Amino acid sequence: QVQLVESGGGLVQAGGSLRLSCAASGRTFSSYNMGWFRQAPGKEREFVAAISWSGGSTYYADSVKGRFTISRDNAKNTVYLQMNSLKPEDTAVYCCATSNTWSSRRSRDYDYWGQGTQVTVSS
């Protein structure tokens, strides 16, 4: 199995930036596509961004495109989510996950999940 641990969340004012990290354990990390999801209180989990195993392709939800950037460093078994121009509606618990399917927005297509890190954006 793969274990994922997110970090980098916190409290930030609207318009600010945060960089989330997802550290993975497992020798097969580089073979997985990776995704970021988020879930706000009382809302369903929603797709944020995905990146291919090589890092050569990325995919974003319309709500974050142009503001967020997903990247990965396979040598460090880490995937990142750079979040700029944050808005209060970005407030959520952010989770990273692995998938054997490329460019999926569906939670059901992801196999391993981290516990998440809280991002709170104040107005």
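Computed from a predicted model, the values in this text were never measured in an experiment.

## A closer look at the environment of I51
For step 1, the next point in the chain: Within the secondary structure, I51 is located in strand β5 (residues 46-51).
For step 2, the next point in the chain: A relative accessible area of 1% means that I51 is categorised as buried.
For step 3, the next point in the chain: Setting aside anything within four residues of it in sequence, one finds I51 in contact with N33, M34, S57, T58, I70, S71, R72, V79 and W102.

## Digging into the sheet that holds strand β7 (residues 68-73)
For step 1, the next point in the chain: Pairing is antiparallel across the open sheet formed by four strands, whose spatial order is β1-β3-β8-β7. Each end of this open sheet is capped by a strand with a single partner; those strands are β1 (3-7) and β7. The average angle at which neighbouring strand axes cross in this sheet is 15°, direction not considered.

## Some points on the pattern of salt bridges
For step 1, the next point in the chain: All chains considered together, the criterion is met by four salt bridges.
For step 2, the next point in the chain: Among the salt bridges present, the one from R38 reaches E46, with a minimum N-O distance of 2.7 Å.
For step 3, the next point in the chain: Take E46: its relative accessible area is 30%, and that puts it in the partly exposed class.
For step 4, the next point in the chain: We note a salt bridge from R106 to D109, for which the minimum N-O separation is 3.6 Å.
For step 5, the next point in the chain: The exposure class assigned to R106 is partly exposed, which follows from its relative accessible area of 44%.

## Comments concerning the packing of aromatic side chains
For step 1, the next point in the chain: One pass over the structure, following the stated rule, counts six aromatic pairs.
For step 2, the next point in the chain: Here F37 and W113 contribute two aromatic rings whose centre-to-centre distance is 5.0 Å and whose plane-to-plane angle is 55°, an arrangement assigned as tilted. Placement of the pair is F37 in strand β4 (residues 33-39) and W113 in strand β10 (residues 110-113), with a sequence separation of 76 residues.
For step 3, the next point in the chain: On the basis of relative accessible area, W113 is assigned to the partly exposed category, the value being 26%.
For step 4, the next point in the chain: Note that R45 overlies the ring of W113, its terminal NZ or CZ placed 3.9 Å from the centroid.

## Observations concerning the nonpolar core
For step 1, the next point in the chain: In terms of nonpolar packing, the biggest core is built from 34 residues, with W36, L81, M83 and Y94 touching the most fellow members.
For step 2, the next point in the chain: Of all the elements in the fold, those that place two or more residues in this core are β3 (18-25), β4, β5, β7, β8 (78-83), β9 (92-99) and β11 (117-122).
For step 3, the next point in the chain: With five residues, β5 is the single largest residue contributor to this core.

Conventions and cut-offs
Residues numbered from 1 in each chain as written. Predicted model: local features only at pLDDT ≥ 70, side-chain atom pairs only at ≥ 80, totals over all residues. Heavy atoms only, no water. Helix = DSSP H or I, 4+ residues; strand = E, 2+ residues; numbered from the N terminus. Buried < 20%, exposed > 50% of the residue type's maximum accessible area, 1.4 Å probe, protein only. Contact = heavy atoms within 4.5 Å. Pairing = 2+ DSSP bridges. Axes fitted to C-alpha atoms, helices over the stretch in contact; angles between N-to-C directions. Salt bridge = Lys/Arg side-chain N within 4 Å of Asp/Glu carboxyl O. Phe/Tyr/Trp six-rings, centres within 6.5 Å; stacked < 30°, edge-to-face > 60°. Lys NZ or Arg CZ within 6 Å of the ring centre and 35° of its normal. Core = buried A, V, L, I, M, F, W, Y, C linked by side-chain atoms within 4.5 Å.

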